[in-house]
Amino acid sequence: MRFVAFVHRHGGRILPEGWSRVCPADDTGHPYVVVDVGVVVDVDVDVGVGSGQDHDHDHVTPVPRKPRMYPPVHVADISRHEGQEVTLHGWLQGRRSSGKLHFLQLRDGTGTIQCVVFRGNVAPETFHEADHLPQETSLAVTGLVKRDERSPLGFELDVRGLSVFARPSREYPLGHKEHGVAFLMEQRHLWLRSQRQQVILRVRHTVEKAIRDFFDERGFTLVDAPIFTPSACEGTSTLFEVPYFDLGKAYLTQSGQLYMEAAAMALGKVYCFGPTFRAEKSKTRRHLTEFWMVEPEVAYMDLDGDMALMEEFVSHVVQTALARHRKELVSVLERDVSKLENVKPPFPRITYSEAVEVIRKAGHPMTWGDDIGGDEETVVASQFDRPVMVHRYPASMKAFYFKKDPADPRVALGCDVLAPEGYGEIIGGGQREDDLAALERGIVEHRLPAEAFEWYLDLRRYGSVPHAGFGMGVERCVAWLCGLHHVRETIPFARMMERITP
RNA sequence: UCCCCAGUAGCUCAGUUGGCAGAGCAGGUGACUGUUAAUCACCGGGUCGCAUGUUCGAGUCAUGCCUGGGGAGCCA
């Protein structure tokens, strides 16, 4: 990139070529002299230039050494610079005016700071411009960092100068008033700039890192599962179809589990973490067509071990997010974090049969073998102050690969973790069928194409072992942590039945 | 796939029994030295989702369609 130095009697700056129009003058109204410094990577120039317009001062003007494109100071670190003059780069979030004072809310991605422009401290042009910049103008603001009791941040910037990177070419669509969900989802690329969305995405980031850390620290190996899969494993209705060269149709994965079983036989403890696709026409607050799922799988582990892993895992993720984001969860998202503090082992464990009794006692008609619906889930979850583990569902309700309970063949060795407060199932998993003959029977009973599972059956032919695993949906977990009504806010760009843009 | 709701200014919404299209916010101009969604004054802003029908007259009533939202089923 070609750079240009803007030099005046007090100093200067180096900016990319073409930005001269945004730096017409220095703080006192003296014009800059433009010096082409050419293509540079790490500028280290010492150009002696006196301003042609400045006849009172003919001394040599120093150009700053090693200037950087990135701002030297961020809002998050502002307390370290009390009393210093600093330059912040950010976007104009809002603006208020009171005669000889203008208040600019500058957002830089790490925080928002109020910049106070006092008429006596800046050039008249700067003062006028400060009151006419539109929302979301990108700008550099220079000023003194001052502690102020009236500021929610604790600090303000006493402005001495500002320069604009770019003024919006049209009015910013998102005002400070309330907006409808449909409109905000259409403006999702801009909605991300709001404080609320920033907090949610940071919590998501923490959750994803906590997931990786949890498994990495326990000796798991991350194994990436394929996204294109060759056949419909559990019925075509839930899968997205894509053309695949001369091989016909491929499908977008709805789970990496079968591949993790193969990987567990090679590496022992493995997990995959990636996007998952469901073509089911679900229109609820808990559903997306594209979502992220983490799926661990462990060789030589039974259902009990799996359930212990689940509760330890969920607790780690929740407590990590709570420790890092408690303040924003409370102040920005108004989350009642006391409900998250209980999320520590051991979690209550009830069988499906016990859950049916709980649901019946609560007045919901239900017979053994019925699925537990959304309302029933909430009834069960509301009995406890932390996530509840419901295990040993009727085998007919579960996928073909679940192992049946030797003590009661009607039920499968599966377990779901239901989050409190109506957030529902965040984890589903269990022990896999390790007996070749039983697995083959399951494939027939579920009317699945046997040839597509030959490779999977090989895992039972060559040293089959008990093994188990589970899958957790990242969005449901984040929605629960943040106390959100809908999972669509937990993913940067939600993909739903009725929405694929932006 | 099924059920319910909504669509009026850039945004959020009001609009009486069917009788001249409205408010707040945002935007523009100005006032104010401490504003936190500032306040105050003035100004500009409309294919009432689309189509057909009923009527002297439709934002309003009817039918169909489109788009979005909420829920069910299924799931994470």
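Residues numbered from 1 in each chain as written. Chains lettered and ligands numbered in written order. Predicted model: local features only at pLDDT ≥ 70, side-chain atom pairs only at ≥ 80, totals over all residues. Heavy atoms only, no water.

Chemist: Give me the lowdown on helix α10 (residues 436-445), citing residues and values where you can.
Modeler: Those residues of α10 not exposed but buried are Ala438, Leu439, Gly442 and Ile443. Buried residues of α10, seen end-on, are gathered within an arc of 140 degrees and therefore sit on one face of the element. Exposed residues pointing more than 90 degrees away from the buried face of α10 are listed as Val444 and Glu445. Two or three places before alanine 437, at the start of α10, stands the capping residue aspartate 435, its side-chain oxygen 3.3 Å from that residue's backbone nitrogen. Just past α10, the residue arginine 447 takes up positive phi, approximately 55 degrees. (Buried < 20%, exposed > 50% of the residue type's maximum accessible area, 1.4 Å probe, protein only. Helix = DSSP H or I, 4+ residues; strand = E, 2+ residues; numbered from the N terminus. Arc of directions from axis to C-beta. Polar contact = N/O pair within 3.5 Å; in protein donor to acceptor, adjacent residues only side chain to side chain.)

Chemist: Which residues make up the protein's contact with RNA strand B, and what values do they have?
Modeler: In the vicinity of RNA strand B lie 44 residues, with Arg96, Glu156, His179, Arg278 and Arg476 positioned nearest. A breakdown of the atoms of RNA strand B within 4 Å of the protein gives sugar and phosphate a share of 47%. Residue glycine 99 places a main-chain N or O atom 3.2 Å away from a base nitrogen belonging to RNA strand B. In this structure, a base nitrogen belonging to RNA strand B sits 2.8 Å away from a main-chain N or O atom of leucine 288. When residues of the surface near RNA strand B are traced back to their parent elements, those giving at least two are β4 (85-98), β5 (101-107), β6 (112-118), α2 (181-186), β14 (290-299), β20 (424-431) and β21 (467-473). (Near = heavy atom within 4 Å.)

Chemist: Give me the pattern of salt bridges: which residues, what numbers.
Modeler: Scanning all chains against the criterion turns up 30 salt bridges. Among the ionic pairs, aspartate 385 bridges to arginine 386, the shortest N-O distance being 3.1 Å. Overall, the relative accessible area of 41% leaves aspartate 385 in the partly exposed class. Where aspartate 458 meets arginine 461, a salt bridge forms, and the shortest distance between an N and an O atom there is 2.8 Å. Of the two residues, aspartate 458 and arginine 461 are both situated in helix α11 (residues 454-461); the distance of three residues between them amounts to about one turn of the helix. Assessed through its relative accessible area of 29%, aspartate 458 is described here as partly exposed. Here the salt bridges do not stand alone but share partners, grouping Arg107, Glu136 and Arg193 into one network. (Salt bridge = Lys/Arg side-chain N within 4 Å of Asp/Glu carboxyl O.)

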